[in-house]
Amino acid sequence: MSTLIIYYSKHHENTQKVAEAIADSIGADVLNYEFVDPDNISKYQLIGFGSGIYHGEPGKELIEFINELKNIGDKKAFVFTTSGQGTANYNYYLTQLLHEKNFEVIGGFNCKGFDTHGLHKIVGGINKGRPNEDDLKKAKLFAESLL
Ligand SMILES: Cc1cc2nc3c(=O)[nH]c(=O)nc-3n(C[C@H](O)[C@H](O)[C@H](O)COP(=O)(O)O)c2cc1C
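Okay, so let's go over this structure.

Definitions and cut-offs
- Residues numbered from 1 in each chain as written.
- Predicted model: local features only at pLDDT ≥ 70, side-chain atom pairs only at ≥ 80, totals over all residues.
- Heavy atoms only, no water.
- Helix = DSSP H or I, 4+ residues; strand = E, 2+ residues; numbered from the N terminus.
- Buried < 20%, exposed > 50% of the residue type's maximum accessible area, 1.4 Å probe, protein only.
- Contact = heavy atoms within 4.5 Å.
- Axes fitted to C-alpha atoms, helices over the stretch in contact; angles between N-to-C directions.
- Parallel < 35°, antiparallel > 145°, perpendicular 65-115°, else oblique.
- Left-handed = near helix turned anticlockwise from the far one by under 90°.
- Core = buried A, V, L, I, M, F, W, Y, C linked by side-chain atoms within 4.5 Å.

Turning our attention to the side chain of Ser-83. The topology assignment puts Ser-83 in strand E5 (residues 75-83). Assessed through its relative accessible area of 6%, Ser-83 is described here as buried. Ser-83 has contacts with Ile-53, Tyr-90, Cys-111, Lys-112, Gly-113 and Asn-127, leaving out every residue within four places of it along the chain.

Structure below.
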């Protein structure tokens, strides 16, 4: 299945690492959202959308990017997030947004990411080294299970 992975990753490139691991495992194209031409999306059968979580939400620019997509039709998508908490509830925002755009969301992956935001900076950050090899392995298995 031809797959494009679009990511937003501004804090420590945590989400970028997950995006690249997934792309590597399933032979997908992978791009920072800034470099995606929305007109090119239609040639892919499956699109993955990934983001870090900032104040409870995915990156605003990625949200805007998805909101502006037009004429996508019925396409399959999956979502992934990295965050300080690493919890699956953070996938909900992107999932809902994609449903509104008529994507069929077929799965979600989430893991912890290194976080030096706010008070975490004082202790040198939390989740050092995350995503780690184990996280990336799980991300790959997740992606392979979608195909
Ligand atoms: C401004 C800011 C706000 C954040 N807010 C949250 C949050 O609400 N919940 C959480 O679990 N992590 C939060 N984090 C941690 C990030 O989600 C985490 O470090 C993530 O892996 C960053 O991904 P990135 O390196 O791809 O940008 C925040 C980080 C920053 C910089």
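Two quantities define a packed helix pair, namely the angle between the helix axes and the distance between the axes. It is the contact of helix H2 (residues 60-67) with helix H3 (residues 92-100), at a shortest axis distance of 10 Å, that shows an interaxial angle of 15 degrees. In terms of orientation, H2 lies roughly parallel with respect to H3. Note that H2 runs across H3; the crossing there is right-handed. Seen from H2, the contacting residues are Leu-62, Ile-63, Ile-66 and Asn-67; seen from H3, they are Tyr-93, Leu-94, Leu-97 and Leu-98.

Ranked by internal contacts, the top residues of the largest apolar core, which has 22 residues, are Ile-6, Ile-41, Phe-49, Leu-62, Phe-65, Ile-66 and Phe-103. Sorting the residues of this core by element identifies strand E1 (3-8), strand E3 (46-54), H2, E5 and H3 as the ones contributing at least two each. A per-element tally of this core places H2 first, with 4 residues. Apart from residues lying up to four places away in sequence, Leu-62 is in contact with Ile-6, Tyr-8, Tyr-33, Phe-49, Gly-50, Ser-51 and Leu-94. By size, the runner-up hydrophobic cluster in this structure holds 19 residues, among which are Ile-5, Ala-19, Ile-22 and Ala-143.

Shape descriptors only; they carry no functional weight alone.
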